[in-house]
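Listed here are the chains, written in short residue letters.
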Amino acid sequence: MELTLQQLRGFDGSDDSKPVYVAIRGTIYDVSSGKGFYGPGCSYAVFAGRETSRALAKMSKEEGDICGNLEGLSEKELGVLADWEKKFQAKYPVVGRLAS
(Lines give C-alpha, C1' and ligand atoms only; values in the text may rest on other atoms or scores of the structure.)
Protein backbone atom coordinates (compact mmCIF):
# COMPACT_ATOMS: atom_id res chain seq x y z
CA MET A 1 0.00 0.00 0.00
CA GLU A 2 1.16 3.52 -0.73
CA LEU A 3 -0.31 6.56 1.02
CA THR A 4 0.29 10.28 0.72
CA LEU A 5 0.93 12.29 3.89
CA GLN A 6 -2.63 13.59 3.62
CA GLN A 7 -4.07 10.07 3.34
CA LEU A 8 -1.93 8.93 6.29
CA ARG A 9 -3.61 11.58 8.45
CA GLY A 10 -6.85 9.61 8.13
CA PHE A 11 -5.31 6.83 10.23
CA ASP A 12 -4.87 8.86 13.42
CA GLY A 13 -7.12 6.77 15.68
CA SER A 14 -10.08 9.14 15.56
CA ASP A 15 -12.13 6.67 13.48
CA ASP A 16 -12.60 3.37 15.34
CA SER A 17 -13.25 1.56 12.05
CA LYS A 18 -9.71 2.31 10.80
CA PRO A 19 -6.31 1.12 12.05
CA VAL A 20 -3.79 3.54 13.57
CA TYR A 21 -0.67 4.14 11.48
CA VAL A 22 2.68 5.82 12.16
CA ALA A 23 5.39 6.36 9.53
CA ILE A 24 9.15 6.33 10.12
CA ARG A 25 11.51 7.11 7.24
CA GLY A 26 8.64 6.57 4.82
CA THR A 27 7.69 3.13 6.13
CA ILE A 28 4.15 2.90 7.50
CA TYR A 29 3.53 0.76 10.58
CA ASP A 30 0.18 -0.41 11.91
CA VAL A 31 0.39 0.57 15.59
CA SER A 32 -3.23 -0.35 16.37
CA SER A 33 -2.08 -2.86 18.99
CA GLY A 34 -0.54 0.14 20.79
CA LYS A 35 -3.72 2.23 20.69
CA GLY A 36 -3.25 2.84 24.42
CA PHE A 37 -0.19 4.89 23.41
CA TYR A 38 -1.23 6.29 20.02
CA GLY A 39 -5.00 6.63 20.33
CA PRO A 40 -6.79 9.95 20.87
CA GLY A 41 -5.89 11.52 24.22
CA CYS A 42 -3.00 9.12 24.81
CA SER A 43 0.62 10.05 25.43
CA TYR A 44 1.82 9.58 21.83
CA ALA A 45 -1.39 10.53 20.01
CA VAL A 46 0.46 13.41 18.28
CA PHE A 47 2.36 10.78 16.23
CA ALA A 48 -0.73 8.88 15.01
CA GLY A 49 -1.38 9.29 11.30
CA ARG A 50 1.92 11.16 10.87
CA GLU A 51 5.48 10.79 9.55
CA THR A 52 7.42 10.96 12.81
CA SER A 53 11.09 10.49 11.92
CA ARG A 54 12.42 13.87 13.04
CA ALA A 55 10.36 13.87 16.26
CA LEU A 56 11.56 10.41 17.25
CA ALA A 57 15.18 11.28 16.48
CA LYS A 58 14.93 14.39 18.65
CA MET A 59 12.72 12.73 21.30
CA SER A 60 10.28 15.58 20.73
CA LYS A 61 6.52 16.00 20.64
CA GLU A 62 6.79 19.53 19.23
CA GLU A 63 4.50 20.02 16.23
CA GLY A 64 7.34 21.39 14.08
CA ASP A 65 9.38 18.22 14.63
CA ILE A 66 6.64 15.79 13.57
CA CYS A 67 7.79 15.31 10.00
CA GLY A 68 10.16 13.28 7.86
CA ASN A 69 12.81 15.98 7.44
CA LEU A 70 16.15 14.64 8.70
CA GLU A 71 18.24 17.66 7.68
CA GLY A 72 20.56 18.95 10.36
CA LEU A 73 20.15 16.00 12.71
CA SER A 74 23.27 14.93 14.60
CA GLU A 75 24.79 11.47 14.40
CA LYS A 76 23.48 10.85 17.90
CA GLU A 77 19.93 11.80 16.86
CA LEU A 78 20.15 9.57 13.78
CA GLY A 79 21.24 6.76 16.09
CA VAL A 80 18.21 7.38 18.31
CA LEU A 81 16.01 7.21 15.20
CA ALA A 82 17.63 3.92 14.14
CA ASP A 83 16.86 2.50 17.61
CA TRP A 84 13.21 3.56 17.27
CA GLU A 85 13.04 1.95 13.83
CA LYS A 86 14.30 -1.34 15.24
CA LYS A 87 11.68 -1.20 18.01
CA PHE A 88 8.89 -0.54 15.52
CA GLN A 89 10.11 -3.28 13.17
CA ALA A 90 10.08 -5.78 16.04
CA LYS A 91 6.70 -4.74 17.44
CA TYR A 92 4.43 -3.52 14.61
CA PRO A 93 3.60 -4.83 11.13
CA VAL A 94 4.68 -2.84 8.09
CA VAL A 95 1.63 -1.99 5.98
CA GLY A 96 3.06 0.28 3.31
CA ARG A 97 5.15 3.25 2.24
CA LEU A 98 4.61 6.96 1.95
CA ALA A 99 4.21 8.18 -1.61
CA SER A 100 7.04 10.46 -2.70
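Residues numbered from 1 in each chain as written. Predicted model: local features only at pLDDT ≥ 70, side-chain atom pairs only at ≥ 80, totals over all residues. Heavy atoms only, no water.

> Go over the pattern of salt bridges with me, naming the residues and quoting the values.
Summed over all chains, the structure comprises four salt bridges. A salt bridge links Arg25 to Glu85, with the nearest nitrogen and oxygen atoms 3.0 Å apart. With Arg25 in the loop between strand 2 (21-24) and strand 3 (27-30) and Glu85 in helix 4 (residues 75-91), this pair connects stretches of sequence that are 60 residues apart. Among the residues examined, Arg25 registers a relative accessible area of 36% and is labelled partly exposed. (Salt bridge = Lys/Arg side-chain N within 4 Å of Asp/Glu carboxyl O. Helix = DSSP H or I, 4+ residues; strand = E, 2+ residues; numbered from the N terminus. Buried < 20%, exposed > 50% of the residue type's maximum accessible area, 1.4 Å probe, protein only.)

> Give a detailed account of the nonpolar core, specifying residues and quantitative values.
Counting 17 residues, the largest nonpolar core has Val31, Tyr38, Phe47, Leu56 and Phe88 as its most contacted members. When residues of this core are traced back to their parent elements, those giving at least two are strand 2, helix 3 (53-58) and helix 4. Residue contacts for Tyr38: discarding those within four places in its chain leaves Asp12, Val20, Val22, Val31, Tyr44, Ala45, Phe47, Ala48, Phe88 and Tyr92. Core analysis: the second largest hydrophobic core is formed by seven residues, Leu8, Tyr21, Ala23 and Leu98 among them. (Core = buried A, V, L, I, M, F, W, Y, C linked by side-chain atoms within 4.5 Å. Contact = heavy atoms within 4.5 Å.)

> Account for the environment of Arg50, naming residues and giving values.
Looking at where Arg50 falls in the secondary structure, it is placed in the loop between helix 2 (35-38) and helix 3. Arg50 sits in the buried class, given a relative accessible area of 10%. What Arg50 contacts, discounting residues up to four positions off in sequence, is Leu8, Arg9, Tyr21, Val22, Ala23, Glu63 and Ile66. Polar contacts involving the side chain of Arg50 include one to the main-chain carbonyl oxygen of Val46, which spans 3.5 Å. (Polar contact = N/O pair within 3.5 Å; in protein donor to acceptor, adjacent residues only side chain to side chain.)

> Account for the pairing of strand 2, naming residues and giving values.
Alternating positions in strand 2 separate into two faces, Tyr21 and Ala23 on one and Val22 and Ile24 on the other, with burial throughout. As paired strands, strand 2 and strand 3 are joined by four bridges and run antiparallel to one another. Pairing of Ile24 across the sheet is with Thr27, part of strand 3. The loop that links strand 2 with its antiparallel partner strand 3 comprises two residues; one of these, Arg25, has a positive phi angle of about 50°. (Pairing = 2+ DSSP bridges.)

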